[in-house]
Amino acid sequence: MPAPEDFWSYFTAVATYLAVLAVPGGVVGRAAGVRGWPLAGLAPLLSYAITGLAGPWLAIVHVPYGPLSVAACTVLLAAGLYGLRRLTIARGWMTPGAEEPPQPWTRRAHLAVGACVAVATAVSIAVVVTGRGGTTAVFQRWDTVFHANGIRYIAETGDGSLTGMGTINWYPDGSFYPNAYHLVGALVYQLSGTSVPVTLNAVTMPIAGLFALAMVALVRQLGGRAVFAGSAALVAGGATTGAYESVSSGLLPFALGIVLTPLAVVALQRFVVRPGVDTGGVLALSATGLLAAHSSALFGALLFAFPLVVQRWYRALRGKRVDGVPEGRAAWRILGGDVLRMVPVMVAAGLLAAPMILGALTFTSGSYPYHPWGSHMAVWKALAMLATFKQVLPVPQIWLTVFLALGVFTLMRLRRMRWVGLSAIGLSALFVVVACFGGEDWVISLSRPWWNDRFRLMALAAIPMCLLAAHGMSETQQWLAKVASGRAWVRARPWLTGRVGLATAVLLVVAMGVLTGGFYRAANAKTVSLLYYNGLPGETVPPVSQDEIDAMDHLGMLGIPADQKVLNDRMDGTAWMYALIGVHPVAGHYDAGIAPPDALYLALHFGDYDSDPEVRAATQRLNIHYVLVGSGTIRRDTPIAPGLRHLDGHDFVREVYRNPGAVIYRIVK
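Residues numbered from 1 in each chain as written. Predicted model: local features only at pLDDT ≥ 70, side-chain atom pairs only at ≥ 80, totals over all residues. Heavy atoms only, no water.

**Digging into the pairing of strand β4 (residues 653-659)**
Every other side chain in a regular strand lies on the same face of the sheet, so the side chains alternate between the two faces.
Here's step 1: For β4 and strand β5 (residues 662-667), the ladder comprises six bridges, and the chain directions are antiparallel. In the strand pairing of β5, Y657 is matched with I664. (Pairing = 2+ DSSP bridges. Helix = DSSP H or I, 4+ residues; strand = E, 2+ residues; numbered from the N terminus.)

**Focus on the pattern of salt bridges**
Here's step 1: What the rule picks out here adds up to 16 salt bridges.
Here's step 2: Linking E99 and R274 is a salt bridge whose minimum nitrogen-to-oxygen distance equals 2.7 Å. Of this pair, E99 sits in the loop between α3 (67-90) and α4 (107-132) while R274 sits in the loop between α12 (263-273) and α13 (277-293), and the two are 175 residues apart along the sequence.
Here's step 3: Here E99 falls in the buried class, since its relative accessible area comes to 2%.
Here's step 4: A residue is classified by how much of its surface remains accessible, and R274, at 6% relative accessible area, is buried. (Salt bridge = Lys/Arg side-chain N within 4 Å of Asp/Glu carboxyl O. Buried < 20%, exposed > 50% of the residue type's maximum accessible area, 1.4 Å probe, protein only.)

**Observations regarding the environment of L183**
Here's step 1: Tracing the sequence through the fold places L183 in helix α6 (residues 180-192).
Here's step 2: Judged by its relative accessible area of 0%, L183 is buried.
Here's step 3: Between the C-alpha atom of L183 and that of G52, which follows or precedes it by 131 residues, the distance is 6.8 Å.
Here's step 4: Sequence-distant contacts of L183, defined by excluding residues within four places in its chain, comprise T51, G52, G55, P56, Y65, I154 and G160. (Contact = heavy atoms within 4.5 Å.)

**Description of the nonpolar core**
Here's step 1: Of all hydrophobic cores here, the largest spans 191 residues; its most connected members are L218, L555 and W576.
Here's step 2: Y609, I624, V629 and I667 belong to the second-largest nonpolar core, a separate cluster that totals 21 residues. (Core = buried A, V, L, I, M, F, W, Y, C linked by side-chain atoms within 4.5 Å.)

**Regarding the sheet that holds β5**
Here's step 1: Spatially, five strands are ordered β2-β1-β3-β5-β4 in an open sheet, and the strand pairing comes out mixed. Every interior strand has two partners, whereas the edge strands, β2 (584-585) and β4, have only one.
Here's step 2: Taken together, the two bridges between strand β1 (residues 565-568) and β2 define a ladder with parallel strand orientation. Bridged to K565 within β2 is H584.

**A closer look at α6**
For an α-helix, 3.6 residues make a turn, and residues three or four places apart therefore share a direction.
Here's step 1: Counted at 1.5 Å a residue, the expected span for α6 with its 13 residues is 18 Å, and the 18 Å between its end C-alpha atoms agrees.
Here's step 2: Summarising burial for α6: 11 of the 13 residues are buried, a large majority.
Here's step 3: Every buried residue of α6 is accounted for by A180, Y181, H182, L183, V184, G185, A186, L187, V188, Y189 and S192.
Here's step 4: Positive backbone phi, approximately 75°, marks G193, located one or two places after α6. (Expected span 1.5 Å × (residues − 1).)

**Describing a nonpolar patch on the surface**
Here's step 1: Where nonpolar side chains cluster on the molecular surface, the patch consists of I398, W399, V402, L406 and L515 and spans about 420 Å² of accessible area.
Here's step 2: Broken down by element, the residue count for the nonpolar patch peaks at four residues, all from helix α18 (residues 398-409).
Here's step 3: Along the chain, L515 falls in helix α24 (residues 500-515). (Patch = residues over 30% accessible without salt bridge, like charges linked within 9 Å, V, L, I, M, F, W, Y side chains within 5 Å. Areas by Shrake-Rupley, 256 points an atom, 1.4 Å probe, with all protein chains shown as cover.)

**So, unusual backbone geometry**
Here's step 1: Across the junction of Y171 and P172, the peptide omega takes the value 5°, indicating a cis bond.
Here's step 2: Secondary-structure assignment places P172 in the loop between α5 (144-157) and α6.
Here's step 3: Of note, the phi angle at H62 is positive, near 60°, even though the residue is not glycine.
Here's step 4: Tracing the backbone shows H62 in the loop between α2 (36-60) and α3.
Here's step 5: The phi dihedral of N623 falls on the positive side, at around 55°, and the residue is not glycine.
Here's step 6: Among the structural elements, N623 can be located in the loop between α30 (613-621) and β3 (624-629).

**Section: the packing of helix α29 (residues 597-605) against α30**
Here's step 1: Close contact between α29 and α30 brings their axes to 10 Å; oriented N to C, the two are set at 130°. In terms of axis orientation, α29 runs oblique to α30. Here α29 and α30 pass one another in a crossing that is left-handed. Contact with α29, carried on its side by D598, Y601, L602 and H605, involves E614, V615, A618, T619 and R621 of α30 and no other residues of that element.
Here's step 2: Tallied by class, residues from the contact of α29 with α30 come to four nonpolar, two polar and three charged. (Axes fitted to C-alpha atoms, helices over the stretch in contact; angles between N-to-C directions. Parallel < 35°, antiparallel > 145°, perpendicular 65-115°, else oblique. Left-handed = near helix turned anticlockwise from the far one by under 90°. Nonpolar A, V, L, I, M, F, W, Y, C, P; charged D, E, K, R; others polar.)

**Details of the environment of G337**
Here's step 1: Within the element layout of this structure, G337 appears in helix α15 (residues 331-352).
Here's step 2: As a C-alpha pair, G337 and P275 span 62 residues in sequence and 9.9 Å in three-dimensional space.

Here is the structure:
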């Protein structure tokens, strides 16, 4: 049963989540020599890497996953990186410093950027809280029940393996799924003492704030202006296609992977500028963290970050200065050195992520069905969606479009970040190809890591687009400051000269907040509301109704042992029963996929219990004593399974609970 929706339950869960993100990754990152904004940005990704590695490896050695075992893994990893770093420095094998951001910021700049991240995080929380609509805290979209059940399973069993949580639906062996999202969620669930729905909400609330923090870390690492970094935070907090659309579709691990993707550039830049065991270790962990968050996140990060390497190599070939390389070094040595030094990092990452890589290879070669989408949108419409930062809702984010145009027009002023333009072209082209030609075989093969889904690829393309819009916003501030500084009344007052930059930045942020209605809070809340209603509010009934929640709550009071399963329909909200009350359902996910034959057979034929011996045998094999039938389904055109209809009047079941939307039966034969 969901915990009461009160301020303190959510505050506790959100605070616990932020601590889980900050502490393990922060300890390991600091041990590896990362400081400042790069550390703040990388800490969440490193935390997901630590938990994402701890779960599968602890399962292999039969050690339960939990707060203590994660703490032990964190200490061991931090000690190892710290020891190797100190050893290499003491031996003179490396000299730290070159990997640090090249341009200093003032204390005032750091505080201003921090305020922008705080605003973006507050907007993110407000969007999710408003999007809930106050009716229910239970997510309603397709995969969210799998994530909810997975979090409870890990917390209750200590099984952090890559297949364990899948046993709630695909028993007895489970199914592969990268589970860093669920491993972190399990820690939050255990440490905060809240319910699974509250935990899921808490993990979702600051999602755009993490995006903002990652953007700031990227800009800071590459020497961008503080105004550019603050603008990137605000744009990330307001862009619908960044984090919010993925959340609205229930793609929670994917959304996590998207907001962490910019950090791949931070780790990569630090390594190529100063290769070492510490920067290499952070890069290997970052790659592993992205893979653990979502299988496609590492692919997306490679596509997003590779233009940085292209720009670096292009400068080397033209004989220009390259970061971290002495002047006069031959281009072939720079290119060859970058490639050779990357090999041990790839090997280390591959060894760390071996369970995930082997699991993914086994999964893709197995029997799980792949159903690609077939989108055939007009090219001009796809380009308009990219430029206006909208795909779900009809209203464009026009001010982001204006700043995007300015950012593109002033692209050359990005200097060492001009590669963002190439990244935007490549990822936008991938979106257009999938959106417009998604039914072609070669497009399906090319985009398979993203399930051939244009919504996922829009989110990926939004990363460089947000950076370009933020650059346009930054250039606007610089122009305003230049105009203001040229005024006679400003020149006549020397005390104003040093404050023009801050004043114009504040003015621009305030104007942006007013013109966009709080950085598009209302539009984004409407988008996120789809997560809670499985459609726009008022247009559809949530699949997990309050009646079904009440029935599941009653079911939890019947003392059903852990080895029993409750027969339920696959498409109604009762698939949530394990996440809500800890009772194992026969159908633990809306997706049948490779569901057990007994579960599928009972869904079709349970009503023939008296006359069909196979029904009775399947019921006995699954140890079923109760049946819960809800109302409504996640697919509005799909009715309740045939085997669970019209059970009233049969002598093999007896009704033990009923409300207007759900009924519980006990099998009495």
